[in-house]
Amino acid sequence: MPSTETLPAVHGSTAARLRFGVYVPQFKIDVESMFERARSAEASGFDSFWLMDHLYAPGAPPCDSLESWTLLTALACATSTLRLGHLVGCGPFRHPALLAKMAATVDRISGGRLDLGLGWGSVEDEFVRFGFPLSSKRSRSDALGESLEILDLMFSGDTFDYPGSHFDLRGAHGLPVPVQPRIPVHIGGGGRTLTMPLVAAHADWWNCVGSARHRLAELAPLRGNARISAQYAVGLLNSESEREEVTAKVARRMPENAWGAAFIGTASQIAEMFQAEAALGVELFIVRFHDLGSVRTLEHFGSDVIPAVVGASV
């Protein structure tokens, strides 16, 4: 079960430690470029680095798309302090016992740096294309709830039975256990009926998708004890002369219906935007950049935005 320590309410104190993660979906990019971005993010002051968990790039023509858990393992070996995870993992892709073994192994390889992002799978076209059974949204949500219970049991290392509606385990156990006493669970989404009850019951972090950020105050009271993270499309300007070009890239790569209103501006302007988000109770800002997270942008954001936001909260 998630931690029950006291958490800040929405519109509450900003005393909690603020942190930044960067989301770099691994399509149309090679392995070495992913290494370069992860190492740059680590050196630039980002706390976490996030991948997508898809078998293809939804909405894009066929292109190279690296498998997420294999790549995450490689990134664990290429970094030393950066936390690593999926934004978010697709629950129906993997049996929870297998997922638990994978997660515990990556947590050991990384020295306890795994964050476990999960969702019940909202891209139905992906199931049809690749031959996964397509059950109802309610069924997928219920199955994720069972998976989260099984993950806790597997991570304990104790032998257990689990007679569920979707999964039936008998005499199962998960060894070795993770390095962390509890791998933080991030559940992503913004649905009141199918997602938020899972967040309240199982999550350490509720990841508010960009398209639901305008409803953050409405949804946050449903999160239980989960901390709040949120997704942001960011266009970081080096100068005002770039605004038109960067705005066009953001609109093309991260449309507002999927990512919410973008943060576009100079470093000082964007820092002010994130300071306002912190006042809403968001503790972890996960950003996706207009230029796919180039080293130059990661360094710029790390030197001129992160310190301004984190420093203002101290």
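Attention in this report is confined to the structure presented alongside it. Please read these numbers as outputs of a predicted model, since none were measured by experiment. (Residues numbered from 1 in each chain as written. Predicted model: local features only at pLDDT ≥ 70, side-chain atom pairs only at ≥ 80, totals over all residues. Heavy atoms only, no water.)

## Let's talk about the overall build of the protein chain
Point 1. Each helix and strand in the protein chain was counted, giving 12 helices and 12 strands.
Point 2. A compact globule built from 314 residues would reach a C-alpha radius of gyration of about 20 Å, and the protein chain, at 19 Å, matches this within 12%.
Point 3. Seen through its principal axes, the protein chain has C-alpha atoms that stretch 65 × 45 × 35 Å.
Point 4. Residues classed as buried in the protein chain amount to 53% of the 314 residues present.
Point 5. Taking the intrachain contacts of the protein chain between residues at least 6 apart in sequence as the baseline, contacts between residues at least 24 apart amount to 70%. (Helix = DSSP H or I, 4+ residues; strand = E, 2+ residues; numbered from the N terminus. Rg over C-alpha atoms; globule rule 2.2 N^0.38 Å. Buried < 20%, exposed > 50% of the residue type's maximum accessible area, 1.4 Å probe, protein only. Contact = heavy atoms within 4.5 Å.)

## Digging into the pattern of salt bridges
Point 1. Per the counting criterion, the structure on display carries 16 salt bridges.
Point 2. Between D47 and R17 there is a salt bridge, and its shortest N-O distance comes to 3.2 Å. Of this pair, D47 sits in the loop between α1 (31-44) and β2 (48-51) while R17 sits in the segment before β1 (19-23); the two residues are 30 residues apart in sequence, bridging distant segments of the chain.
Point 3. When its relative accessible area of 23% is taken as the criterion, D47 is described as partly exposed.
Point 4. In this structure, the salt-bridge partner of D125 is R129, at a minimum N-O distance of 2.5 Å. With D125 and R129 both in helix α4 (residues 124-130) and 4 residues apart, this pair spans about one turn of that helix. (Salt bridge = Lys/Arg side-chain N within 4 Å of Asp/Glu carboxyl O.)

## Things to note about the state of the cysteines
Point 1. Under the definition given, this model contains 0 disulfides.
Point 2. Between C90, a cysteine without a disulfide, and C63, which holds the nearest cysteine sulfur, the sulfur-to-sulfur distance is 18 Å. (Disulfide = S-S within 2.5 Å.)

## What about the nonpolar core?
Point 1. Core analysis: the biggest nonpolar cluster contains 77 residues, and F46, F49, W206, F274, V287 and F301 have the highest contact counts within it.
Point 2. Here this core takes 7 residues from helix α5 (residues 137-156), the largest share from any one element.
Point 3. Ignoring anything within four residues of it in the chain, the contact list for V287 reads F20, G21, V22, Y23, F46, Y232, V234, F274 and F301.
Point 4. Counting 14 residues, the second largest nonpolar core, distinct from the first, contains M52, M254, W259 and I264. (Core = buried A, V, L, I, M, F, W, Y, C linked by side-chain atoms within 4.5 Å.)

## Description of the packing of aromatic side chains
Point 1. For the structure on display, the rule yields 17 aromatic pairs.
Point 2. Geometrically, the ring pair formed by F274 and F301 is edge-to-face, given 6.2 Å between the ring centres and 85° between the ring planes. Highlighted residues: F274 in helix α10 (residues 267-278) and F301 in helix α11 (residues 295-304), separated in sequence by 27 residues.
Point 3. A residue is classified by how much of its surface remains accessible, and F301, at 0% relative accessible area, is buried.
Point 4. Counting every residue linked through ring pairs, the aromatic cluster contains F20, F46, Y232, F263, F274, F285, F289 and F301.
Point 5. Looking at R227, its charged tip hangs above the ring of W205, at a distance of 6.0 Å from the centre. (Phe/Tyr/Trp six-rings, centres within 6.5 Å; stacked < 30°, edge-to-face > 60°. Lys NZ or Arg CZ within 6 Å of the ring centre and 35° of its normal.)

## Thoughts on the packing of helix α3 (residues 96-109) against α5
Point 1. Contact pair α3 / α5: the axes reach a minimum separation of 9 Å and the direction vectors enclose 50°. Regarding the angle of α3 to α5, the classification is oblique. You can see that α3 and α5 cross each other, and the crossing is right-handed. Here α3 contributes P96, A97, L99, A100, K101, A103 and A104 to the contact with α5, which in turn contributes S147, I150, L151, M154 and F155.
Point 2. Grouping the constituent residues of the contact of α3 with α5 by class yields 10 nonpolar, 1 polar and 1 charged. (Axes fitted to C-alpha atoms, helices over the stretch in contact; angles between N-to-C directions. Parallel < 35°, antiparallel > 145°, perpendicular 65-115°, else oblique. Left-handed = near helix turned anticlockwise from the far one by under 90°. Nonpolar A, V, L, I, M, F, W, Y, C, P; charged D, E, K, R; others polar.)

## Focus on the pairing of strand β12 (residues 282-289)
Point 1. Taken across its 8 residues, β12 has 8 buried, putting it largely inside the fold.
Point 2. Bridge analysis of β1 against β12 gives 4 bridges, and the strand direction is parallel. The residue of β12 that forms the bridge with G21 is I286.
Point 3. Direction of pairing for strand β10 (residues 227-236) relative to β12: parallel, over a ladder of 7 bridges. Following the sheet pairing, S229 is matched in β12 by L284. (Pairing = 2+ DSSP bridges.)

## Structural notes on the pairing of β10
Point 1. By the criterion of burial, β10 is predominantly enclosed, with 9 of the 10 residues buried.
Point 2. Taken together, the 4 bridges between strand β9 (residues 205-208) and β10 define a ladder with parallel strand orientation. In the sheet register, C208 faces β10, and the bridge partner there is A230.
Point 3. For β10 and strand β11 (residues 263-265), the ladder comprises 3 bridges, and the chain directions are parallel. Bridged to L236 within β11 is G265.

By themselves, these are just geometric observations and shouldn't be taken as functional.
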